[in-house]
Amino acid sequence: MKTLFRTCCLAALAALTFAAVPVLADDAGDIRLPTPEKSGGMPLLDALAARKSNRRTTGAAPTHQQLANLLWAANGITRPDGKRTAPSAMNRQEIDIAVLTAEGLYEWDEEENKLEREETREDLSDQLNGASVMLIFTYDKDDQTPAYAQVDCGFVGQNAYLYCTSQQWNCVFLGSIDRAKLARALECDADEVLYGMRIGIR
Ligand SMILES: Cc1cc2nc3c(=O)[nH]c(=O)nc-3n(C[C@H](O)[C@H](O)[C@H](O)COP(=O)(O)O)c2cc1C
């Protein structure tokens, strides 16, 4: 009876453990991100006053929670109709964010809150350049005109700047990136790679 009781307790404990711990990376290398934290942080006016570009972006590897929070702040869904933290011309929501870390290259799926692994033969370490994370902003030119995409990308970049400031992370928005190489890795055209942003987590 005692053994049966112990077996039942162990089975219940195992079930609880597996229910509580999400599977973080599946066989394809995709990462299911945790729910982003959507409140708190530095007051907005303090973040505006402190925002700056800082090119010393070497830093610690990002946790999945940090990535979830950063991505949601940059261009996450805020409303039942799918609208975002950043505005977009004609609500086209055309800005996609790729995430480069020392672990690899991923495409952010904002609806699934997931990072989809991009397999590439390109060595992107020169693009990451020791940063904790690099965001790469792209768009599909069938979905938006280049002029609007540039502006929409600026809003997303400013959101990321303010979030990084609120976390006291160094960051810099980048026009000088190797678009041809990044486009090969992301399987898009070079003129669909808009900007990058390197971030150093301290
Ligand atoms: C569209 C754009 C492209 C930029 N490209 C680069 C870049 O390639 N390299 C860089 O070091 N900084 C880049 N920056 C950062 C600017 O140099 C920086 O914002 C500017 O010097 C003002 O400094 P602040 O951001 O601290 O206010 C870029 C900024 C913008 C808005």
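Okay, so let's go over this structure. What you are looking at is a predicted structure, and each value in this text was computed from that prediction instead of being measured. (Residues numbered from 1 in each chain as written. Predicted model: local features only at pLDDT ≥ 70, side-chain atom pairs only at ≥ 80, totals over all residues. Heavy atoms only, no water.)

## As for the overall build of the protein chain
Thought 1: Tallying secondary structure elements over the protein chain gives six helices and seven strands in all.
Thought 2: In sequence order, the protein chain lays out its α and β elements as α-β-α-α-β-β-β-α-β-α-β-α-β.
Thought 3: For the protein chain, the proportion of contacts with a sequence separation of at least 24, taken over those separated by at least 6, is 74%.
Thought 4: For the protein chain, the computed accessible surface area is about 11,300 Å², with 54% contributed by carbon and sulfur atoms. (Helix = DSSP H or I, 4+ residues; strand = E, 2+ residues; numbered from the N terminus. Contact = heavy atoms within 4.5 Å. Areas by Shrake-Rupley, 256 points an atom, 1.4 Å probe, with all protein chains shown as cover.)

## Remarks on a nonpolar patch on the surface
Thought 1: Among the surface-exposed residues, Leu44, Leu45 and Leu48 lie close enough to one another that they form a single nonpolar patch of about 320 Å² accessible area.
Thought 2: Structurally, Leu48 is set in helix α2 (residues 44–50).
Thought 3: Take Leu48: its relative accessible area is 42%, and that puts it in the partly exposed class. (Patch = residues over 30% accessible without salt bridge, like charges linked within 9 Å, V, L, I, M, F, W, Y side chains within 5 Å. Salt bridge = Lys/Arg side-chain N within 4 Å of Asp/Glu carboxyl O. Buried < 20%, exposed > 50% of the residue type's maximum accessible area, 1.4 Å probe, protein only.)

## A short note on the nonpolar core
Thought 1: Ranked by internal contacts, the top residues of the largest apolar core, which has 48 residues, are Leu70, Leu115, Leu135, Ile136 and Ile199.
Thought 2: Counting residues per element, the ones that place at least two in this core are α3 (64–75), β2 (96–101), β3 (104–109), β5 (133–138), α5 (146–166), β6 (170–174), α6 (179–186) and β7 (193–200).
Thought 3: Top element by residues in this core is α5. It accounts for seven residues.
Thought 4: Apart from the residues lying within four places of it in its own chain, the contact partners of Leu135 are Leu70, Leu71, Ile97, Ala98, Val99, Ala160, Tyr195, Gly196, Met197 and Ile199. (Core = buried A, V, L, I, M, F, W, Y, C linked by side-chain atoms within 4.5 Å.)

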